[in-house]
Each structure stands twice: as C-alpha cells, then as structure tokens.
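# Examining the three-dimensional arrangement
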Amino acid sequence: MADTCVQVLLGSGLTVLSHPLMYIKVLIQVGHEPLPPTLGRNLFGRQVYQLPGLFAYAQHIIRIDGKVGLFKGLGPRLCAGTIGTLVHGRVVQVSCAPSPLELLSSVQILGGEQKAADGSLQKVVNETTREMLARSCATIVTHPFHVITLRCMIQFIGRETKYSGVLDSIVTVYREEGVLGFFAGLIPRLLGDVFSLWICNLLAHFLNTYAIDESMSHTGAIRNCSQAVTGFFASMLTYPFVLVSNLMAVNNCGLAGGLPPYASVYPTWVDCWRHLRQHEQRGNSLFFRKLPAGKLYAVEQKRFF
C-alpha cells in the first residue's frame, strides 16, 4: 500500500511538471499554429523558415491565459494517472501469482539453470505479456479521462468553455455521444502501447544478450542505457498511433479544434490513418520545427493548408 501511494504521488508530480509540454504538443498535433513562421537558421547554418518552438508557443499561451493557462486539462489527467496506477498495480499483483504448474517447474530448476532461465527469452515474453495486460487494463479504464483531458486542451483554439470540470465534462460527453464517446481513439492508443512495449522489451533483451558482454565494466549501467534507447526508438516507431488516437479523441466533438478546417471528420481511425499518411507528421518535434513542404500559412485561420 505504501509503495502504491509513493507511485501515485511521484506520478502526479511528474504529470504536473510535464503537463505544459503535453498541452502544447496536442495543440500542434491538431494543427493549431497561432504564430507565423519566421526566418531562422538550422543546425547547419542554412536559412530556413521555422515554426515557433516550445518556449515561443508557451509564451503565446501565457500572454492569452496567463501561466495557469498552461495547465488546462490537468484535473482529468491527474485522475487518469491515479486510477491507472492503482489498476496497473492490482493487475500486476494478480497476474504475478504463480500457478501450480509454474511452482512445480521452478522446483526443477536449480543453481546455474535458474540463472539461465531468468535471462531466457521465455521469461521476457512472460513478463512482457503480464505488463501488456496490466497496461491495457489501465488504459481502458482511464481512457475516458484522457478524452476529457484532450478536449479541455483544444478549447484554447476556439476559446470555448464546453468542458470545464471533470464531472461536467463526463455529463457533456455522455449526453452528446453516449458511452462510446468516452472511448474515442481507444483502439489506436491500445495498439500503440502494445507495439511499443513489445518492441522495447524484445530489442533490449537481444541487445543485453548478444551485444553486451558480462565481463564488461558497468554492465548494469549499460543495460539501463540500452533499455532507455530501445524505449525511445519504440516511441518513435509507434508515434503515428499516438497522433491518430489523439485526433480521433477530439474528432467531431463540437469544438473548433475537432472540426474543419483544423481536422476532417473521420468515420473511423483507419480513415484518419490513411489521411495522415499523405501529410507530414505533426507534433513529433517541439524544438526544431521547420515549415512543412508545399504548405501555405493561413493567418486568419492560424493553420497550414
């Protein structure tokens, strides 16, 4: 219980600190560009038209809504984080309980064989399967709060106040879209989480098994580094699922950020995926953002077309 409370408190603190980054990233993903591109230089000193980065975007939000404006949607996101931690911990606790067959097989493994089994591919698969189950359950349970968080954020575009609180937002979503409205964008989010988890764990296992020698110094630090690198690589590969999920969560929800011209109305997430394949990725960078090729900036609409 104490460990769970520590995880909740630590997760809540990290959520508060990272919320402005997520807020700005969501606005960029939707296509809102309140500041026109400016002429600057890239890393190689070449002159290019650049879009405002994280700090310029944050200053723009502060000028309009103040510093508190950077934390729109924080309430439902904290709810999602707390509930998700509790659900994840409970599912892990239940799934880790050994079955009689596992207890019998563990008795037969002794000494060096136990050590070899701990590093086996089968162990990685079993642990990843348990983690996938726990994450999926937590994602499904907390997705309604994720939807409300995203919709609170994109109200900045049209200056709406439709989603003002957690309870009021729940009533609004249920009244206008029914139960299915709480799970808009769930499928691509689940797929992205599952693919990212498997890619990260399997790559880390193969690197630790075949690329890292046990005789090397600082082996533990190297293994931790490989886990971080594979996690970053997996997040890059699965970013399209995150983008599609976020766009579907706000698609056709009655807010300016979820309607044309900022977003097309997509019947399914597959249609959204196909449409985005023909366009440049949005929101995959917060610092070095260049002008999209072949795009024109509409000053009045504050977007590219």
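Structure first, text after, so check above.
These numbers come from a predicted model, not from an experiment.

Time to look at the layout of surface pockets. Approximately 1,700 Å³ is the volume found for the largest pocket. The wall of the largest pocket is formed by 43 residues, among which Met22, Arg77, His146, Arg189 and Asp193 lie closest to the centre. Contributions of two or more residues to the lining of the largest pocket are made by helix H1 (2-30), helix H3 (74-95), helix H6 (121-158), helix H8 (186-211), helix H9 (219-237) and helix H10 (239-250). At 12 residues, H1 tops the list of elements feeding residues into the lining of the largest pocket. A per-class count over the lining of the largest pocket returns 14 nonpolar, 23 polar and 6 charged.

Within the secondary structure, threonine 172 sits in helix H7 (residues 166-177). Residue class for threonine 172 comes out buried when judged on its relative accessible area of 7%. Threonine 172 has contacts with Lys162 and Tyr163, leaving out every residue within four places of it along the chain.

What follows deals with the pattern of salt bridges. A full pass over the atoms with the stated rule returns 6 salt bridges. Between arginine 159 and aspartate 65 there is a salt bridge, with the nearest N and O atoms lying 2.5 Å from each other. Note that arginine 159 is positioned in the loop between H6 and H7 and aspartate 65 in helix H2 (residues 54-65), a separation of 94 residues in sequence. By sharing partners, the salt bridges in this structure join Asp65, Lys72 and Arg159 into a single network.

Calculation rules
- Residues numbered from 1 in each chain as written.
- Predicted model: local features only at pLDDT ≥ 70, side-chain atom pairs only at ≥ 80, totals over all residues.
- Heavy atoms only, no water.
- 1 Å grid on protein atoms, 1.4 Å probe; cavity = no way out; pocket = protein on both sides within 12 Å on 5 of 7 lines; lining within 4 Å.
- Points joined across faces, edges and corners; volume = space filled by probe spheres on them.
- Helix = DSSP H or I, 4+ residues; strand = E, 2+ residues; numbered from the N terminus.
- Nonpolar A, V, L, I, M, F, W, Y, C, P; charged D, E, K, R; others polar.
- Buried < 20%, exposed > 50% of the residue type's maximum accessible area, 1.4 Å probe, protein only.
- Contact = heavy atoms within 4.5 Å.
- Salt bridge = Lys/Arg side-chain N within 4 Å of Asp/Glu carboxyl O.

Everything listed here is a matter of coordinates, which is why it stays silent on function.
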